[in-house]
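Letter by letter, the chains look like this.
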Amino acid sequence: MAKDSADWNAVDDLDFEILNFHSSPSNADDDMDFEIVNFHSSPSSPSPVVTNDEPLRLPIPMSGLGVPNEQLFVTQRSLPELARGPPYFYYENVVLAPWETISRHLYDVAPEFVDSSFICAAARERGYVHNLPISNRYLIQPPPKHTIQEVLPLTKNWWPTWDTRTKLNCIFTVNASSQLTNRIRSALEASRGEPPEEIKRYVIEQCEKWNLIWVGQNKAVPLEVNEIETLMGFPIYHTRGGGGISRAERLKSLSNSFQVDTLAYHLSVLKPLFPDGINVLSLFTGIGGGEMALHRLQIPMKTVVSVEFSQVNKYILRDFWERTNQKGVLIEFEDVQDLTKDIIVELMKQFGGFDIVIGGSPCNNLAGGNRVTPNCLEGEQSLMFYEYCRVLNVVRQTAKEMRRS
């Protein structure tokens, strides 16, 4: 399984074991070990609470409650009472996030950890806390391609037999330099035939680290933006946003996005529940991964209230909305703190409530070298998690009051 390079810089020494939150060990294969982590306390205060949470032991394989073509599947789970039923919520963040704290603030729902390489051709190890149904999930159609050469068939002609990679590592914003790719080419050309083992090891190490692909004889290069879009489940040129967006900005936006195929696999359970369309509150929308997943699942979006600070990402979302001829209403907010209780209640009364609150707060303070404290939710960006909790609490409480009236 490919390793999520961007997220794991600081955790090479962690000892990972199988973790299953939702089924007893007796239901699993005999050779699997489980460590049960108890989630406790009351759901929620929107204000940050500093804790000394130990990092959770993460599951190997990181296949969540079940992914296509894997044997271990969980089709039922018991949610805490406060988390049951709509409005649904779906929260994503990096695996290094303090998940016990996150779970505590999201109604004690245990996280589902998934590596997207089970679903597509690139690794992306993430945790998801949600109250969605989990039975009858299905892959988006047409299904995502599973290997590098299926996604990028032109590389097959140049791929050396000793490079046995079939998956790419996590997509991130930094690319290999031209000096590095020239060094690789020079080292291989100097070999004049099958390179020695030490050269192979060096080249493979660099290819894995930088997600290099083969495009010519001895020529390994970084991915192009449109190739990354495809790997992330977006159509090519999605991040052009109508033009005027730089390559660096497009790469940054993609690296912070949902992997659409994985998200759509989780959201697929919504299609029979909302045949006439869905009202979405999209927090920290980014480039519209949630909206793209719903669109590709052919779930009509009646209303999307999007909260996104980045102007680049807002251009991309608007371009997607217009280009795909969406019939619903798109309402945009720049700052999540502008979504006061009164405004949320007013929007819910106007559109009949929200069916799902979806998002992942910024992970700038949570991944790799950017981790600022053991708790990490105290960083300037990661503090936005508590805004997600605040908004979600208002939405669910207001929905309860609307049902009563």
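Counting starts from 1 at the beginning of each chain's written sequence and moves along it residue by residue. Restriction of local features to residues with pLDDT of at least 70 applies here, the model being predicted, together with a cutoff of 80 or more for giving and counting side-chain atom pairs; totals for whole chains, interfaces and linings are based on all residues. Each side-chain value is derived from all of the structure's non-hydrogen atoms; neither hydrogens nor water enter the calculation.

Chemist: Can you help me understand the overall build of the protein chain in this one?
Modeler: Every helix listed is a DSSP run of H or I at least four residues long, and every strand listed is a run of E at least two residues long, numbered separately from the N terminus. A tally of helices and strands in the protein chain yields 11 helices and 9 strands. Looking at the protein chain as a whole, 56% of its 405 residues are labelled buried. What sets the accessible areas is the Shrake-Rupley method with a 1.4 Å probe; for residues, cover comes only from the shown protein chains. Looking at the protein chain as shown, the accessible area adds up to about 18,500 Å², and 49% of this sits on carbon and sulfur atoms. Whether a residue is buried, partly exposed or exposed follows from its accessible area with a 1.4 Å probe, protein chains only, as a fraction of its type maximum: under 20%, in between, or over 50%, in that order.

Chemist: Mind showing me how you'd approach the packing of aromatic side chains here?
Modeler: The geometry of an aromatic ring pair is captured by the separation of the ring centres together with the interplanar angle, meaning the angle of the planes. For Phe, Tyr and Trp, rings pair up if their centres lie within 6.5 Å, where Trp contributes its six-membered ring, and each pair is then called stacked (planes under 30 degrees apart), edge-to-face (over 60) or tilted (otherwise). Counting across every chain of the model gives 9 aromatic pairs. On the numbers, 5.5 Å between centres and 40° between planes, the contact of Y90 with Y128 is tilted. Here the residue Y90 occupies a position in strand β1 (residues 88-94), and Y128 occupies one in strand β3 (residues 125-130), the gap between them amounting to 38 residues. Exposure remark for Y90: the relative accessible area of 0% places this residue in the buried category. The class for Y128 is buried, based on a relative accessible area of 2%. Ring plane angle 65° and centroid distance 5.2 Å describe the contact between Y91 and F385, whose orientation is recorded as edge-to-face. Taken together, the residues Y91 in strand β1 and F385 in helix α11 (residues 384-404) connect sequence positions 294 residues apart. By relative accessible area, which is 0% here, F385 ends up buried. Connected via pairs of aromatic rings, a cluster forms that spans Y91, W99, F113, F385, Y386 and Y388. Over the aromatic face of Y237 sits the side chain of R240, whose NZ or CZ is 4.1 Å from the ring centroid. Over the ring of Y107 we find R396; its NZ or CZ atom is 5.3 Å from the centre of that ring. A ring is considered to have a charge above it if a Lys NZ or an Arg CZ atom is located within 6 Å of its centre and within 35 degrees of its normal.

Chemist: I keep staring at the pairing of strand β8 (residues 329-333) and nothing clicks. Help me out?
Modeler: Each regular strand shows side chains that alternate between the opposite faces of the sheet. Sheet topology note: the strand β7 (residues 301-307)/β8 ladder contains 5 bridges and is parallel. Bridging across to β8, S306 finds its partner in E332. By convention a crossover is right-handed if, when the strands point away from the viewer, the path from the first strand over the helix to the second runs clockwise. Where the polypeptide runs from β7 across helix α9 (residues 311-323) and back to β8, its parallel neighbour, the crossover connection is right-handed. Here the rule is simple: two strands pair whenever DSSP picks up at least two bridges between them.

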